[in-house]
Amino acid sequence: MKATYMFGAGDVRVIDVPDHTIQSSTDALVRIVRACVCGSDLHPYHSMDVDPDGRSMGHEFIGVVEAIGSDVRTLRVGDFVIAPFAVSCGTCVFCAAGLQTSYVRGGFWNDTSLGTEGGQAEAVRVPLADGTLVKVPVGEDADDALLDSLLTLSDVYGTGWHAAVRGGVGEGSVVTVIGDGAVGLLAVLSARRLGAEQIVLMGRHQVRTDLGREFGATDVVAERGEEGIAKVRELTGGLGSAVVLEAVGHRPAYDQAVGVVRAGGVISRVGVPQYEDAPVGFGSLFGPNITLTGGPAPVRAYIEQLLPAVLDGTVQPGKVFDRTVGLGQTPEGYAAMDARDALEVSVRP
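Note that the structure is predicted; figures quoted are calculated from it, not measured.

Novice: Any chance you could explain the side chain of Ser-268 here in plain terms?
Specialist: With respect to the element layout, Ser-268 can be found in strand β15 (residues 261-269). At 2.9 Å, the side chain of Ser-268 forms a polar contact with the backbone oxygen of Ala-163. The contacts of Ser-268, once residues within four sequence positions are left out, are His-162, Ala-163, Arg-166, Gly-167, Val-244, Leu-245, Glu-246, Thr-293 and Gly-294.

Spelled out as structure tokens, the structure:
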């Protein structure tokens, strides 16, 4: 079968690999209908060391169950499913608490210890299928707009929702979202759905910020650094935002978050951090009683909650996909996202 591998920074190829097979009684095999290139895939695209064996890529996909192990109880061959970006057992104390990214048994796609491969491929073996996969009452012949929206539930919509939930967004909240990528835009959508009154989107790509306005942003700030911080504070009556959702993962975005949050506020980070050191002392977080939260989104916990509005078209998070490529053109999708010629790329095997 065909699958996408990265062999070093900027070196993405679609290659032939052995077909997947059932290895455990709790496995399922899923034929992929849609996958995508995620903004977080650009981190290794920029920095990965050369690896002659390559690394399989892709952690978001939807598809059709082709085979199941003998102990799989909740799925049948032919079911259409969403695969969250974390494999989880579904039975441990963390899964029961809705924190499936802290599973007792599980892992992530492209995890050699778990034996998982990536989702930018024709098919995937899914361990712990009962705990991981979510059956959806649609078929692969659903229209493209719905399939794209369902695909967001595997990561970017759930991650934006997680940012807003961990930030405590509610009726009347004043929120700033840092980052106009797919997660940032869907954090805007999530904040609006949770009742935020003012949503400031910090982004400087107009096509993206226009979509942010459609999703519910009340203000857009294109400036960065101290100028951007001053603009947000001006828009929020000089106080700053009660909730800041950081969806980038680079240190300047964290510094922006610290700069715009008000005393007693919350910074919720879901951008995968590309740094280890950042200010948390008296003058940054401790003195003003600021809460720092966030983390890898347990999107499995949110799918059933978010699914009905996606199915009936009330929300259309799939609008973040502005380009579709065939599996063989996946390297072009990476290049387009890296050049900011595409916001989020859908991959159709």
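Novice: Mind showing me how you'd approach the UniProt feature "domain: Alcohol dehydrogenase-like C-terminal" (unreviewed entry) in the chain here?
Specialist: As annotated by UniProt and renumbered to match this structure, "domain: Alcohol dehydrogenase-like C-terminal" (unreviewed entry) occupies residues 182-294. Across residues 182-294, the secondary structure splits into 42% helix and 24% strand, with the terminal C-alpha atoms separated by 17 Å.

Novice: So what exactly am I meant to see when it comes to the UniProt feature "domain: Alcohol dehydrogenase-like N-terminal" (unreviewed entry) in the chain here?
Specialist: The positions that UniProt labels "domain: Alcohol dehydrogenase-like N-terminal" (unreviewed entry) are, in the present scheme, residues 26-137. Each end of residues 26-137 is marked by a C-alpha atom, and these two atoms are 22 Å apart; helix forms 12% of the span and strand 32%.

Novice: Quick question: what am I supposed to make of a nonpolar patch on the surface here?
Specialist: Where nonpolar side chains cluster on the molecular surface, the patch consists of Val-93, Phe-94, Leu-99 and Val-104 and spans about 350 Å² of accessible area. Along the chain, Val-104 falls in the loop between α2 (93-96) and β8 (106-108). The class of Val-104 is exposed, set by a relative accessible area of 56%.

Novice: Would you mind showing me how to read the pattern of salt bridges here?
Specialist: Pairing of side chains with opposite charge becomes possible as their charged atoms draw close. Throughout the structure, instances matching the rule amount to 12 salt bridges. One salt bridge connects Asp-144 with Arg-348, and the closest N-O pair in it is separated by 3.3 Å. Remark: Arg-348 occurs in strand β18 (residues 345-348) and Asp-144 occurs in helix α4 (residues 144-152); sequence separation between them is 204 residues. Residue classification places Arg-348 among the partly exposed positions, given a relative accessible area of 35%. Through salt bridges with shared partners, a single ionic network connects Arg-31, Glu-66 and Glu-140.

Novice: What is the right way to look at the pairing of β18 in this model?
Specialist: Regular strands have side chains that alternate between both faces of the sheet. Relative to β18, strand β3 (residues 28-37) runs antiparallel, the two being bridged by 3 bridges. When the sheet's bridge partners are listed, Ala-35 is paired in β18 with Val-347. Taken together, the 4 bridges between strand β17 (residues 323-326) and β18 define a ladder with parallel strand orientation. Bridge pairing in β18 links Val-325 to Val-347.

Novice: In this structure, what is going on with helix α11 (residues 303-311)? I would like to understand it.
Specialist: Note: α-helices contain 3.6 residues per turn, so residues at a spacing of three or four share the same orientation. Along α11, the residues classified as buried are Ile-303, Leu-306, Leu-307, Ala-309 and Val-310. Looking one or two residues past α11, Gly-313 carries a phi angle of roughly 80°, positive in sign.

Novice: Honestly, the packing of aromatic side chains in this entry has me stumped. Any pointers?
Specialist: What characterises a pair of aromatic rings is the spacing of the ring centres plus the angle enclosed by the ring planes. Evaluated as defined, the whole model comprises 8 aromatic pairs. Ring centres of Tyr-254 and Tyr-275 lie 6.0 Å apart, and the angle between their planes is 55°; this geometry places the pair in the tilted category. With Tyr-254 in helix α9 (residues 251-260) and Tyr-275 in the loop between β15 and α10 (282-286), this pair connects stretches of sequence that are 21 residues apart. You can call Tyr-254 buried: its relative accessible area is 2%. The structure contains a cluster of three or more aromatic residues connected by ring pairs, namely Phe-85, Tyr-103 and Phe-108. One Lys or Arg, Arg-13, reaches over the ring of Phe-7 and ends 3.9 Å from the middle of that ring.

Novice: Explain the sheet that holds strand β14 (residues 241-246) here, please?
Specialist: Two modes of strand pairing occur in sheets, parallel and antiparallel, and in both the strands are linked by backbone hydrogen bonds. Spatially, the 6 strands line up as an open sheet ordered β13-β12-β11-β14-β15-β16, and their pairing is parallel. Two strands lie at the open edges of the sheet, namely β13 (219-221) and β16 (291-294), each paired on one side alone. Ignoring which end each strand starts from, the neighbouring axes of this sheet average 20° apart. Here helix α5 (residues 156-166) sits on the sheet and contacts β14, β15 and β16; the angle it forms with β15, its principal contact strand, is near 150°. Its contacts with the sheet put helix α6 (residues 182-193) on β11 (174-178), β12 (198-202) and β14, and the angle it makes with β12 is roughly 175°.

Conventions we followed
- Residues numbered from 1 in each chain as written.
- Predicted model: local features only at pLDDT ≥ 70, side-chain atom pairs only at ≥ 80, totals over all residues.
- Heavy atoms only, no water.
- Helix = DSSP H or I, 4+ residues; strand = E, 2+ residues; numbered from the N terminus.
- Polar contact = N/O pair within 3.5 Å; in protein donor to acceptor, adjacent residues only side chain to side chain.
- Contact = heavy atoms within 4.5 Å.
- UniProt positions renumbered as here; feature names shortened; annotations may be inferred.
- Patch = residues over 30% accessible without salt bridge, like charges linked within 9 Å, V, L, I, M, F, W, Y side chains within 5 Å.
- Areas by Shrake-Rupley, 256 points an atom, 1.4 Å probe, with all protein chains shown as cover.
- Salt bridge = Lys/Arg side-chain N within 4 Å of Asp/Glu carboxyl O.
- Buried < 20%, exposed > 50% of the residue type's maximum accessible area, 1.4 Å probe, protein only.
- Pairing = 2+ DSSP bridges.
- Phe/Tyr/Trp six-rings, centres within 6.5 Å; stacked < 30°, edge-to-face > 60°.
- Lys NZ or Arg CZ within 6 Å of the ring centre and 35° of its normal.
- Axes fitted to C-alpha atoms, helices over the stretch in contact; angles between N-to-C directions.

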